[in-house]
Amino acid sequence: MNQVASAQLTPSQRRLLTRLLAEQELAPPPAWVADQLTADVLAELERRLPTHLIPRQFAVLPAFPLTANGKVDTTALPDPAPAQAGGHAPPRTDLERDVLAVFREVLNRPDLGIHDDFFLMGGDSLLATELGAKLRERLGVTLPVALMFSSPTAAGLAAGVALARRAAPAPMPSADVPAEQFDLSAFEADDTELEQSTDLLRADVNLAADIQVPPGAGATPPGQWRAVFLTGATGFFGSHLLAELLATTDLTVHCLVRADSPDAALERLRAAQQRFCPGAVWDQGRVRAHCGDLTAPRFGLGEAGFAALAAGVDATFHAGATVNFAYSYATLKPSNVDACADLFRLAVRGHLKPVHFVSTIHLFSSSRLLGRAHIPETEDIDALPTVTGGYAQSRWVAEGLARQASGRGIPVTIYRPSIIGGHTRTGVSNENDALCRLFRGCVQLGMAPSIRSGLNIVSADYAAAGLVRLALDEASQGRTYHLVNPESSGLNDLFGQLRAYGYPLATTDYADWQARIEAAGPENSLYTLLPLIAHLSVAEATGLRPPHFGGAQATAQLAPQGLTCPPMNADLVRLYLDGMVGSGFLPSPAGLAR
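Bear in mind that the values here come from a model prediction, so they are computed numbers and not experimental data.

Student: Explain the sheet that holds strand β5 (residues 227-231) to me, and be specific about the residues and the numbers.
Tutor: A sheet is described by the order of its strands in space; here 7 strands give the open sequence β7-β6-β5-β8-β9-β12-β17, paired in parallel fashion. The outermost strands of the open sheet, each flanked by one partner alone, are β7 (287-291) and β17 (480-483). In this sheet, neighbouring strand axes are inclined to one another by 20 degrees on average, regardless of whether the strands run parallel or antiparallel. Of the strand pairs in this sheet, strand β6 (residues 252-257) and β7 are connected by 5 bridges, and their pairing is parallel. By the bridge assignment for β7, C255 is matched with A289.

Student: Tell me about unusual backbone geometry, and please be specific about residues and values.
Tutor: The phi angle of most residues is negative, glycine excepted, and most peptide bonds adopt the trans form. Backbone geometry at N108 places phi at a positive 55 degrees, although glycine is not the residue there. Turning to its location among the elements, N108 is positioned in the loop between α2 (94-107) and α3 (125-139). We note that F299 has phi near 60 degrees; this positive angle belongs to a residue other than glycine. Structurally, F299 can be placed in the loop between β7 and α9 (302-312).

Student: Can you explain helix α13 (residues 434-445)? Please cite residues and give values.
Tutor: For α13, built from 12 residues, the straight-helix expectation of 16 Å at 1.5 Å per residue is met to within 8% by its first-to-last C-alpha distance of 16 Å. Of all 12 residues in α13, 9 are buried; the element is thus mostly enclosed. For α13, the full list of buried residues reads L435, C436, R437, L438, F439, R440, G441, C442 and V443. Just past α13, the residue G446 takes up positive phi, approximately 70 degrees.

Student: Could you give me a rundown of the pairing of β6, with the residues and numbers involved?
Tutor: Most of β6 sits out of view: 6 of its 6 residues are buried. The side-chain alternation of β6 yields two buried faces, one formed by T252, H254 and L256 and the other by V253, C255 and V257. Alignment of β5 against β6, held across 4 bridges, turns out to be parallel. Counted as the bridge partner of L230 is C255 from β6. Assessed by its sense of winding, the connection that carries the chain from β5 through helix α7 (residues 236-248) to β6 is right-handed.

Student: Help me get a handle on the packing of aromatic side chains, residues and values and all.
Tutor: Counted under the stated rule, the structure contains 9 aromatic pairs. One aromatic cluster in this structure is built from F229, F299 and F306. Directly above the ring of F306 sits R298, whose terminal nitrogen or CZ lies 5.8 Å from the centroid.

Student: Please set out the side chain of S476 residue by residue, giving values where relevant.
Tutor: Along the polypeptide, S476 turns up in the loop between α14 (460-472) and β17. According to the relative accessible area criterion, S476 is buried, its value standing at 0%.

Student: Describe in detail the pattern of salt bridges, supporting the description with residues and values.
Tutor: One pass over the structure, following the stated rule, counts 20 salt bridges. Ionic pairing is found between R345 and D210, a salt bridge with its closest N-O pair at 2.8 Å. With R345 in helix α11 (residues 340-348) and D210 in the loop between α6 (198-201) and β5, this residue pair connects regions lying 135 residues apart in the sequence. R516 is the partner of D512 in a salt bridge, and the nearest nitrogen-oxygen pair spans 2.6 Å. On the criterion of helical spacing, the pair formed by D512 and R516 is a turn pair, its members being 4 residues apart in helix α16 (residues 510-520).

Calculation notes
- Residue numbers run consecutively from 1 along every chain, following the written order of its sequence.
- Only residues with pLDDT of at least 70 are given local features in this predicted model, and only at 80 or more are side-chain atom pairs given and counted; all residues enter the totals for whole chains, interfaces and linings.
- Heavy atoms from the whole structure form the basis of all side-chain values; hydrogens and water molecules are not counted.
- Any two strands are treated as partners once DSSP identifies two or more bridges connecting them.
- Numbered from the N terminus, helices here are DSSP runs of H or I no shorter than four residues, and strands are runs of E no shorter than two.
- For helices, the axis comes from a line fit to the C-alpha atoms of the stretch in contact; other axes are also lines fit to C-alpha atoms, and the angle between any two N-to-C directions lies between 0 and 180 degrees.
- Working rule for helices: expected span equals 1.5 Å times residues minus one.
- Partly exposed residues are those whose accessible area sits between 20% and 50% of the maximum for their type, while under 20% is buried and over 50% is exposed, using a 1.4 Å probe and protein chains only.
- Orient the strands so they point away from the viewer, and a crossover whose first-strand-to-second-strand path over the helix runs clockwise is right-handed.
- A pair of Phe, Tyr and Trp rings is counted when the ring centres sit within 6.5 Å of each other, with Trp represented by its six-membered ring. The angle between the planes then sorts it: under 30 degrees is stacked, over 60 is edge-to-face, the rest tilted.
- Two conditions define a charge located above a ring, namely a distance within 6 Å from the ring centre to NZ of Lys or CZ of Arg, and an angle within 35 degrees of the ring normal.
- A pair is scored as a salt bridge if a Lys or Arg side-chain nitrogen falls within 4 Å of a carboxyl oxygen belonging to Asp or Glu.

Here it is in structure tokens:
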């Protein structure tokens, strides 16, 4: 890539569009070049830039158009195809109609529906500010920009406005009523998309009727497996699963990868291994790359390719998902929920195949669970009254589909890791996860809160090794396992480790810390998580602790094999921080003013 240029092609929308030059070629680059380059550049931008500066759309060009003087002709740059909307659902209430009208005006998209994601449709933080101003003018309600990141749909924001109006003691605003009476900047939207009632999610727990186990079908025992199918292999945890399968088994691993050719897909897998699992075994002879997409019908493989994959593997490891705590349920649904249908279709096509399903402990994020002492692996998640955050909601629905599949005779084993930390040997971490963003956000502020809560952090190598060992043990099939640390890490202790590493962090209370993040704006790594941070303040205000996550079933199987979760001690935290400084994710403490 020789140059990167930005141009405002549509002033009414003021989108930040990045043009990427793949190579000095005259012909358009293959689709896989565009996909891979876009993914690589986006990953690097997410590490280095604040949210509001990250482009939302990309166009890969063989060359930039030039003027007669040899300069880039920005007026001749083509518009990338706009993102596709998610169904164009019409408004159901007058309030949704008013909010949707503002969405359409700000984005200049008359085709939007109430469930279309503001940011996927071309919005950015500047346009979100404009959206908030126009909503204030039309509805007399002040919405925080950060709320857009957790409920970025017309339906979600309309729900927040409706709740604020119900809670407000004053009458509905008129032209002469100050909008400040309806300021939602400190509003905790329990009834919006942030904390959602499971009753409202239950309609999506509906596995397609055609997914049925053939009469008399039985799954191949793990000891007789020859090949397995792995999704999410280019992600952080999926990369560790691939590394573990290659290092500890002789299985052939089939991986689904977004690319235009098997060679390009293999290169993406190899690059992910080098980035996330440096030094790991790479046996290319046992890796089969399939070009496809979780969100496409039959994973984008076509009927023949889907059938061939089903015939060629003995089990599925499903680690593919979009993990983003700032995204809404509607945004995450295609990859995290809808893809489950073809996952279980693959399991019953031809011979029966067990499914090893990676979920998350964050299912239990509801404020209704505060004060409860213990949540075992056998907890009935169907009985949960609410689930907090789009990611956890998508996993709750997906687990519901997995339970329905199990009820139809598909062998399904569910794994719920907690926060997945870095590798205990290399120190390489997932720098897009909550722990890393917490560290960087506090370093950026130069401040951390005094807080009673803690985080349960499990190392990536332990979680991957534990999952693979459980999957290969026939006696372990069909259960749910919590891959967790037996001891949670106190946040005050983690902040103390940051200070011991050399970062000058002052101490403040939770409310002031939250306010400082909001004042810092999108430049702070924690800004997009403000709605979730506000929600979690309930624990601090009440003094109620989150529950301990029990992992007795996993421990009973793994401890006799000598596999235990390493403690999150000072040495391990220091190793993780070394990795973050080495990658440029965190500044060196030596370069900060004391």
